[in-house]
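One-letter residues, chain by chain:
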Amino acid sequence: MELVQEDRYRFRIVPEGDMRVPGVVFATRDLLADAEKSLTQVADVATLPGIVTASYAMPDIHWGYGFPIGGVAATAIDEGGVVSPGGVGFDISCGVRLLAADCARAEVAPMLEKIMDVLDRSVPRGAGPGGVWRLTGPRQLERLLRGGSRHAVEEGHGEERDLARCEDGGAVPDADADQVGPRARERGLGQVGSLGSANHFMEVQRVAEVYDRHTAEVFGIAEDQVCVMIHCGSRGLGHQICTDHVRAMDKVMARHGIRVPDRQLACTPVDSPEGRAYLGAMAAAANYARANRQLLSDVARRAFARVAGRRLSLVYDVSHNLAKIETHQVDGRPRRLCVHRKGATRAFPPGHPDLPEDLREVGQPVLIPGTMGTASYVLAGVAGGGAFFSTCHGAGRRMSRHEAARKISSRELRNRLERDGIAARPLSWRGLTEEAPEAYKDVGEVVAASEGAGLCRIVARLVPLGVVKG
DNA sequence: ATGTTC
């Protein structure tokens, strides 16, 4: 593979073989060294029918199912462009939500342990069933799959204003519950309003540093303010939908005349029965994930109100695993594209018509979850954003789960978190070692490279005060 | 990520 460095933060994979477009990787030399193996996946994605401009990778790229995590690929819908479940990933619409409390750290510090105890008791998490809602049946599930956060708010779990601060107003249009199979429904029924496990979390954070005061003010955050960050997705429902539709596409791909270098890239044209079926099911899973984050926000709000008498306002809710139909200029004309973002966050620039009016001047908020001992970031979209207005999504693993569990002692980690004043409420301390900071890349390097590559700008850094994990 | 290997 021929990799050409184009500037400090941009590398190009020269097209060869069946590649229809080049690969473009935004990274530093250091970050790239960790990602070398996944560049094959960037090149494989470049062979997909209808792909335009380039197969992109963000600075936090790492190995994924078919597509790399940190990958962005857009296909031209009217030119046979495909949609691929592997380009979204198993955790459909996994994403991040940030809420800002109406107070600074000092005002909450005396109540922090108590708040964490309440969250510990009231946030359903871990593998398997459990959630703040137990659905009455398929009708209610269908309403939730269509309505997302909006449905949760309509049921009394949130404020109308929340929806203005959610990507897509809280619900992806065109969700098709009929394309959600029986197994996905069954798994989904019992997990509404739950965190899940692995790198998902709910954190109480403090704004440690503001880099752009004006933008931070528009977003509703200020230095030393207390925030709550929620990182979770569509649980077993999204996972099952991905599994079901990969299988369905794998079966019919040849009939559509499509050959891919890796079966995990199973895809069909967006404009085909299987493509439409997947996109309908994917939208339903996206709405499930958003309702999930809305309900967990409600849990956090109740804890803050009860223990500290404080309110939480939604800053933003954004997904980092989704395919979307968007219109972008390609080769000088507007084209209807299916933009796959997998481990990549949409980052609309200032002035974009899809942003709520009060945010339009500064650009879309982008929320980057870090690791529990380090930091998380708030970024903003920028004009020119080189990959269909997308940027990074997180730190990315450096050690495998197995390696982390073997190398890191749970007692040592527990002491370290205590020493650093981070009130941790894990389901198991042993499981927490897999999520230790040293098991991840430095999220600061990732956001610096993303900003350097012209994908976004850094607005604020947040550090954890307490963490709830599966 | 995931009833963590149908």
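Above this text sits the structure in question.
So, here's what we can say about the structure. (Residues numbered from 1 in each chain as written. Chains lettered and ligands numbered in written order. Predicted model: local features only at pLDDT ≥ 70, side-chain atom pairs only at ≥ 80, totals over all residues. Heavy atoms only, no water.)

**Here's the deal with a negative patch on the surface**
- On the surface, Asp30, Asp34, Asp442 and Glu445 cluster together to form a negatively charged patch.
- Tracing the backbone shows aspartate 34 in helix H1 (residues 29–35). (Patch = residues over 30% accessible without salt bridge, like charges linked within 9 Å, V, L, I, M, F, W, Y side chains within 5 Å. Areas by Shrake-Rupley, 256 points an atom, 1.4 Å probe, with all protein chains shown as cover. Salt bridge = Lys/Arg side-chain N within 4 Å of Asp/Glu carboxyl O. Lys, Arg positive; Asp, Glu negative; His and termini not counted. Charge placed at Lys NZ, Arg CZ, Asp CG, Glu CD. Helix = DSSP H or I, 4+ residues; strand = E, 2+ residues; numbered from the N terminus.)

**Some remarks on the packing of aromatic side chains**
- One pass over the structure, following the stated rule, counts 4 aromatic pairs.
- Ring plane angle 85° and centroid distance 5.9 Å describe the contact between tyrosine 56 and phenylalanine 388, whose orientation is recorded as edge-to-face. Linking tyrosine 56 in strand E4 (residues 55–62) with phenylalanine 388 in the loop between strand E16 (376–381) and strand E17 (390–391), this pair joins segments that are 332 residues apart in sequence.
- Overall, phenylalanine 388 belongs to the buried group, its relative accessible area being 9%.
- Ring geometry for tyrosine 65 and phenylalanine 90: centres 5.1 Å apart, planes at 85°, overall edge-to-face. With tyrosine 65 in the loop between E4 and strand E5 (69–76) and phenylalanine 90 in the loop between strand E6 (82–83) and strand E7 (95–104), this residue pair connects regions lying 25 residues apart in the sequence.
- Classification of tyrosine 65 by relative accessible area gives partly exposed; the value is 26%.
- Taking the relative accessible area as the measure of exposure, phenylalanine 90 reaches 25% and is therefore partly exposed.
- Across from the ring centre of tryptophan 63, 4.9 Å away, lies the NZ or CZ of lysine 37, which sits over that ring. (Phe/Tyr/Trp six-rings, centres within 6.5 Å; stacked < 30°, edge-to-face > 60°. Buried < 20%, exposed > 50% of the residue type's maximum accessible area, 1.4 Å probe, protein only. Lys NZ or Arg CZ within 6 Å of the ring centre and 35° of its normal.)

**Digging into the protein's contact with DNA strand B**
- Neighbouring DNA strand B are 16 residues, the closest being Arg187, Gln191, Ala198, Asn199 and Arg235.
- Each atom of DNA strand B within 4 Å of the protein belongs either to a base or to sugar and phosphate, the latter forming 53%.
- Glutamine 191 is positioned such that a nitrogen or oxygen atom in its side chain is 2.9 Å from a phosphate oxygen of DNA strand B.
- Here arginine 235 contributes a side-chain N or O atom positioned 2.9 Å from a phosphate oxygen of DNA strand B.
- Mapped by element, the contributors of at least two residues to the surface near DNA strand B are helix H7 (182–189) and helix H9 (235–252).
- A total of 3 residues in the surface near DNA strand B trace back to one element, the largest contributor, which is H9.
- For the surface near DNA strand B, the class distribution of residues is 3 nonpolar, 8 polar and 5 charged. (Near = heavy atom within 4 Å. Polar contact = N/O pair within 3.5 Å; in protein donor to acceptor, adjacent residues only side chain to side chain. Nonpolar A, V, L, I, M, F, W, Y, C, P; charged D, E, K, R; others polar.)

**Focus: H7**
- When H7 is considered as a whole, its buried residues turn out to be Ala184, Arg185 and Gly188. Around the axis of H7, the buried residues are gathered within 100° of arc, so they sit on the same side. Residues of H7 that are exposed and point more than 90 degrees away from the buried face comprise Pro182, Arg183 and Glu186.
- Close packing links the buried residues of H7 with helix H5 (138–154), H9 and helix H10 (273–308). (Arc of directions from axis to C-beta. Contact = heavy atoms within 4.5 Å.)

Any link to function would need more than the numbers given here.
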